Amino acid sequence: MDIGKKIKEMRIALNLTQEELADRVGLSKGFISQMEHNSTSPSISTLEDILTCLGVSLADFFAEKEEQQIVFKKEDHFKKEDCELKNIVRWVVPTAQKCMMEPVCLVLEPGGSTQKDLPHEGEEFGYVIKGKVNVHYGNRSFVAGKGESFYYTSEKTHYLSSDSGAIMLWVSAPPSF
């Protein structure tokens, strides 16, 4: 870990000059500069004082953050087949359960459907890639075809079905699959 670089990044993010940080900690501007260029190392006590001024604990400063995966390949996907409802759900972002939204690829076989979902907090969005899908929302039904999308809040009973089969990208927030 490059301590000097990390302190410099934190200082700049707070719009502090080296002189302002030095004044707050009771150090010289030269010491802050040398530390940021890794020409000198602070004692643990001095480092704690600097980090307090930057609003971070010693433990958080040294905690390594896991790199976020940005691209998910087909082999990263998780797939679940439901023979009874005649559908396949493919989680295209397998870590989405801990995110604010959850995108999946949904394949409805002819005569297939999703499970009826009771009213709950949230929103759902779908984009039809192939075929036609019936969007059942409360006591109403809508048809969305290839290249069309749908969106609704999840405050009414809802589910999807398809007489001829369909493939779509479906996103729910918060995750509910």
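Structure shown above.
The following paragraphs examine the structure supplied in this document.

Reading the values: the criteria
Residues numbered from 1 in each chain as written. Predicted model: local features only at pLDDT ≥ 70, side-chain atom pairs only at ≥ 80, totals over all residues. Heavy atoms only, no water. Helix = DSSP H or I, 4+ residues; strand = E, 2+ residues; numbered from the N terminus. Rg over C-alpha atoms; globule rule 2.2 N^0.38 Å. Contact = heavy atoms within 4.5 Å. 1 Å grid on protein atoms, 1.4 Å probe; cavity = no way out; pocket = protein on both sides within 12 Å on 5 of 7 lines; lining within 4 Å. Points joined across faces, edges and corners; volume = space filled by probe spheres on them. Nonpolar A, V, L, I, M, F, W, Y, C, P; charged D, E, K, R; others polar. Phe/Tyr/Trp six-rings, centres within 6.5 Å; stacked < 30°, edge-to-face > 60°. Buried < 20%, exposed > 50% of the residue type's maximum accessible area, 1.4 Å probe, protein only. Pairing = 2+ DSSP bridges. Arc of directions from axis to C-beta.

Details of the overall build of the chain
- When helices and strands are tallied, the chain shows five helices and nine strands.
- Its helices and strands taken in sequence order, the chain reads α-α-α-α-α-β-β-β-β-β-β-β-β-β from the N to the C terminus.
- For a compact globule of 177 residues, the expected C-alpha radius of gyration is about 16 Å, and the chain comes in at 26 Å, more than 25% above that figure.
- Counting only C-alpha atoms, the chain reaches 75 × 35 × 25 Å along its principal axes.

Quick look at the environment of Gly165
- Within the secondary structure, Gly165 is located in the loop between strand E8 (158–162) and strand E9 (166–173).
- Considered as a pair, Gly165 and Lys132 are 33 residues apart in the sequence and their alpha carbons are 6.8 Å apart.
- For Gly165, the contacting residues outside a window of four places in its chain are Leu108, Glu109, Pro110, Lys130, Gly131 and Lys132.

Things to note about the layout of surface pockets
- Reported here for the second largest pocket is a volume of approximately 320 Å³.
- Taken together, Glu66, Glu67, Gln68, Gln69, Ile70, Phe72, Val93, Thr95, Lys98, Cys99, Met101 and Pro103 make up the lining of the second largest pocket.
- Here the lining of the second largest pocket is composed, by residue class, of six nonpolar, three polar and three charged.

Considerations on the packing of aromatic side chains
- The tally for this structure, following the rule as stated, stands at four aromatic pairs.
- One aromatic cluster is present, formed by Tyr137, Phe150 and Tyr152 through successive ring pairs.

Brief notes about the pairing of E8
- Counting buried residues in E8 gives four out of five residues, a clear majority hidden from the surface.
- As judged from the four bridges shared by strand E5 (residues 123–137) and E8, these two strands associate in the antiparallel manner. Of the residues in E8, the one forming a bridge with Asn134 is Ser161.

Some details on the side chain of Thr114
- Inspection of the secondary structure puts Thr114 in the loop between strand E4 (112–113) and E5.
- Judged by relative accessible area, which is 7%, Thr114 ranks as buried.

Digging into helix H4 (residues 44–54)
- All of the buried residues along H4 are Thr46, Leu47, Ile50, Leu51 and Leu54. Viewed end-on, H4 has its buried residues packed into an arc of 135°, placing them on one side of the element.
- Those residues of H4 that are buried are in contact with helix H1 (3–13), helix H2 (18–25), helix H3 (29–36) and helix H5 (58–62).
- Within two residues after H4, Gly55 carries a phi angle of roughly 80°, on the positive side.

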